[in-house]
Amino acid sequence: MKRKRLLALLLAGTMLGGLLTGCSGGTSSDGGDGGSDDIVELNFYMQNSPVNDQERIMEKANEIIEKEIGAHLNLIMVDSSTYPEKMNLMINTGDPWDLCFTASWGGINFYENAQKGAYADLTELLPELAPETYSRIPEGFWDGVTVDGKIYGVVNYQQWGAASRTGFRVRSDIADEVGFDWEAMKDDRDTNGVLKNIGDNLLGPALELHPDMIGWETSSTNSLFLTQPLLYDMEEVGDMTTPGWIRYDDPETVINQFETDEFMEYCQIMRDWYNKGYVRKDGATVTDTSPDREAAKFIAEVTTGWPDSIDFPGNPDISKMSMTTAETGPAVAASTTRTIIKAGAGPNAAVAVNAQSENIEKAVELIELLNTNDELYMLITQGEEGVDYVYDEDGNYSFVDGKYNFNYNEWQIGQSYSPDFTRALYAKNETGDAQKEAQSMVFEADKTAEVSPLSGFTFDSTNVKTQIANCSSIITEMVPALSAGSVDPEEKVPELIERLKEAGVDDIIAEKQAQLDEFYASK
């Protein structure tokens, strides 16, 4: 920053302000206190559904940003169904952007984009310009966003922690109604067996009584098997959706997850559920399930929230179905997997800076501000108290219909973690106190959780980029229908495997295996 300011002084009076223009092309002469007389515009891309009153909130947010760091934030929201394609296209064509949400799942391709130089190297900038952001995150998590010894993303450390433990959540009122023994799911690592139990003993009886509900969520982007390898005691090597995973009981061997018995059985279960009407008939093409979630339509779902209802009865974080309230969608949950810090914990949700941005340092300053200015973060992610959300006389909060609502996507723009619990909404009563207690348990678990055998390993896709692109296209085309049960797996799984082989999947597996062998040998 000192070098930058010195350069600005040397240039003052001899160069036009346009030379300091951000990648979005705009500056303003009415600067704030951010160390420059110019307001730098920063374009931040994220995935989100349309948000009411965004202009009102961003006007107030930018008053803070302009004052604190002399920047103006353009928060650009792209529908989740098109975000990966749009962002990757912008990267490949060199279109301007400054910051973006990035991840190792859903086709967003963190590792691939980092390796090809799309993201800026933040290794030295983070300790200097974002010291609190950098220090808050447990050191091991930076390994997940490090490629060839350089940090290319900023981990969005969340209020629910980073160690992974996955399980299932069900409607408690309906489970009681049909006599479903949800506690029997606890620590059962036979995920397909758990799914069969849910289908036979919960979804079937429940839908007979409540035919207007939906048993299980399916969509074009939601595949239980593909997005939750931990449920099958596996972990992805590199980006989650590319072929090549490991089993925790054999971490030195890379496998094609689509050739496993678990994948075939999962597809068979989903086909059975489709035929029985447990899932939507158009599940393979649905892009947004938020309306069904908000209407409390689902009877059972995956949950990554913990401690569960057995370890911490009444945990408010998992006592309601996704996007509902405890009144409209009461729930109980049971964890079924081990507790582990996955190698991909870092890029599960992160922010990257464009390597071609003319304002890389200012972008890092913005990241620090979003992560440390609680007023700013809460304004963008929750709106204004009394306008967009209100507390009732019992201390419970609710969002106001038709007003600003960030659609629960706060995890995309920064850290909701705070040791003082100041960066998320909590009920101002015993429920809120219990939620904080539960989250404290999670934070402590992050310090003692099992660490992935892949921690520190980064897959370099350079030698198989073409094969990965070809296989990704096939997976995107075929897996949604298999995961939604709308096609016969006896026919389509072999077809998927054959097409992947023709596209070079064995080359990908071999390349991952060779690099993993080298990684283990170096340890």
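These notes cover the structure that comes with them. (Residues numbered from 1 in each chain as written. Predicted model: local features only at pLDDT ≥ 70, side-chain atom pairs only at ≥ 80, totals over all residues. Heavy atoms only, no water.)

**Describing the overall build of the protein**
How we decide: In this description a helix means any DSSP run of H or I spanning at least four residues, a strand means any run of E spanning at least two, and both kinds are numbered starting from the N terminus. Any residue under 20% of the maximum accessible area for its type is buried, any over 50% is exposed, and the rest in between are partly exposed; the area is computed with a 1.4 Å probe on protein chains only. Residues are treated as being in contact if the distance between any of their heavy atoms lies within 4.5 Å. Per-residue and other accessible areas were derived by the Shrake-Rupley procedure at a 1.4 Å probe size, with only the shown protein chains allowed to occlude residues. Only four residue types enter the tally: Lys and Arg on the positive side, Asp and Glu on the negative side, with His and both chain ends excluded. We put the charge of a Lys on NZ, of an Arg on CZ, of an Asp on CG and of a Glu on CD.
Helices and strands together make up the secondary structure of the protein, namely 17 helices and 18 strands. With the C-alpha coordinates aligned to their principal axes, the bounding extent of the protein is approximately 75 × 60 × 40 Å. Here the protein holds 523 residues, and the buried ones make up 56% of them. In the protein, the proportion of contacts linking residues at least 24 apart, taken out of those at least 6 apart, comes to 76%. In the structure as shown, the protein presents an accessible area of about 21800 Å², 46% of it carried by carbon and sulfur atoms. Within the protein, the 90 negative side-chain charges are centred at a point lying 1 Å from the centre of the 39 positive side-chain charges.

**What about the packing of aromatic side chains?**
The following threshold applies: The rule is short: rings of Phe, Tyr and Trp, with Trp giving its six-membered ring, pair when the centres are within 6.5 Å, and they are stacked under 30 degrees, edge-to-face over 60, tilted in between. As a reminder, the over-ring test applies to NZ of lysine and CZ of arginine, requiring each to be within 6 Å of the ring centre and within 35 degrees of the ring normal.
Scanning the entire structure with this criterion turns up 28 aromatic pairs. A ring pair is formed by Y157 and Y417, whose centres lie 4.9 Å apart and whose planes are at 45°; its orientation type is tilted. Of this pair, Y157 sits in the loop between strand 7 (154-155) and strand 8 (167-171) while Y417 sits in the loop between strand 17 (397-399) and helix 14 (430-448), and the two are 260 residues apart along the sequence. Each of the two residues, Y157 as well as Y417, counts as buried. Look at F519 and Y520: their rings are 5.5 Å apart centre to centre, the planes differ by 55°, and that puts the pair in the tilted class. Classification of F519 by relative accessible area gives buried; the value is 14%. Cluster of aromatic residues (ring-pair linked, three or more members): F141, Y157, Y417, F421, Y426 and F443. Positioned above the aromatic ring of Y377 is the side chain of R423, whose terminal nitrogen or guanidinium carbon lies 4.1 Å from the ring centre. The aromatic ring of Y391 is capped on one face by K428, whose charged end is 4.1 Å from the ring centroid.

**Some thoughts on the nonpolar core**
Inclusion rule: Put simply, a nonpolar core is a bunch of buried Ala, Val, Leu, Ile, Met, Phe, Trp, Tyr and Cys residues held in one set by side-chain atoms that sit within 4.5 Å of each other.
In this structure, L75, L99, Y119 and I380 are the most contacted members of the largest nonpolar core, which totals 80 residues. Those residues in contact with L99 that sit more than four places away from it in its chain are L42, N43, F44, Y45, V351, A352, V353, A363, L366 and I367. If you look at the next biggest cluster of nonpolar residues, it comprises 65 residues, including I198, M213, Y274 and I508.

**Details of the sheet that holds strand 10 (residues 245-247)**
This is how it is decided: Two strands make a pair as long as DSSP finds a minimum of two bridges between them. A fitted line through C-alpha atoms serves as each axis, taken over the contacting stretch for helices, and the angle formed by two N-to-C directions is quoted from 0 to 180°.
The strand order across the open sheet built from 3 strands is 9-10-11, with neighbouring strands paired in antiparallel fashion. Edge positions in the open sheet fall to strand 9 (234-236) and strand 11 (250-255), since each of these has one partner strand only. Geometrically, the sheet is characterised by an average inter-axis angle of 30° between neighbouring strands, direction not taken into account. Here helix 17 (residues 505-522) sits on the sheet and contacts strand 10 and strand 11; the angle it forms with strand 11, its principal contact strand, is near 160°.

**A short note on the pairing of strand 8**
With 5 of its 5 residues buried, strand 8 lies for the most part within the structure. Pairing analysis gives 5 bridges linking strand 8 to strand 13 (residues 331-335), with the strands arranged antiparallel. What sits directly across from R171, in strand 13, is A331.

**Some remarks on the side chain of E235**
Under the convention used in this document: For this document, the term salt bridge refers to a Lys or Arg side-chain nitrogen within 4 Å of an Asp or Glu carboxyl oxygen. Any pair of nitrogen or oxygen atoms within 3.5 Å is treated as a polar contact; in protein, a donor-acceptor pairing is required on top of that, and neighbouring residues in sequence qualify only through side-chain atoms on both sides.
In this structure, E235 sits in strand 9. Buried charge without a salt bridge: E235, with K342 as the nearest opposite-charge side chain at an N-O distance of 5.8 Å. Within the local environment of E235, its side chain forms a polar contact with the side chain of S452, the two groups lying 2.8 Å apart. When neighbours within four sequence positions are excluded, E235 is seen to be in contact with P229, W245, I246, Y248, K342, A343, G344, S452 and L454.

**Quick notes on the pattern of salt bridges**
Overall, the coordinates contain 26 salt bridges when judged by the stated rule. A salt bridge links K362 to E365; its shortest N-O distance comes to 3.4 Å. Of this pair, K362 and E365 both sit in helix 12 (residues 360-372), separated by 3 residues, roughly a single helical turn. For the pair K362 and E365, a shared accessibility class is recorded, and that class is buried.

**Comments concerning unusual backbone geometry**
With phi around 60°, D53 is a residue other than glycine that occupies positive phi space. One can find D53 in the loop between strand 2 (39-47) and helix 2 (54-69). On the accessibility criterion, D53 (32% relative accessible area) is partly exposed. Residue F421 is not a glycine yet carries a positive backbone phi of 60°. For F421, the location among the structural elements is in the loop between strand 17 and helix 14.

**A few points about the sheet that holds strand 8**
Reading across the sheet, the 3 strands line up as 12-8-13 and stay open at both edges, with antiparallel pairing between neighbours. Every other strand in the sheet has two partners, leaving strand 12 (300-303) and strand 13 as the edge strands with one partner each. The mean inter-strand angle of the sheet, taken between neighbouring strand axes irrespective of direction, is 25°. Sitting on the sheet, helix 8 (residues 191-209) is in contact with strand 8 and strand 12, with an inclination near 5° to strand 8.

**So, the environment of K501**
Structurally, the position occupied by K501 is in helix 16 (residues 489-503). Under the relative-accessibility criterion, K501 is labelled partly exposed at 36%. With residues near it in sequence (within four places) discarded, K501 still touches E259 and D506. Here the side chain of K501 touches D506 through a polar contact of 3.2 Å, side chain to side chain.

**Details of the packing of helix 10 (residues 261-276) against helix 15 (residues 465-484)**
Here is the rule: An angle below 35 degrees is treated as roughly parallel, one above 145 as roughly antiparallel, one from 65 to 115 as roughly perpendicular, and anything else as oblique. Charged means Asp, Glu, Lys or Arg here, nonpolar means Ala, Val, Leu, Ile, Met, Phe, Trp, Tyr, Cys or Pro, and polar covers whatever is left, Gly included.
Relative orientation of the contacting elements helix 10 and helix 15 amounts to 60°, with a least axis distance of 6 Å. As judged from the angle between their axes, helix 10 and helix 15 are oblique. Facing helix 10, whose interface residues are F263, Y266, C267, M270 and Y274, helix 15 presents L482, S483 and A484. Of the residues belonging to the contact of helix 10 with helix 15, the class tally is 7 nonpolar, 1 polar and no charged.

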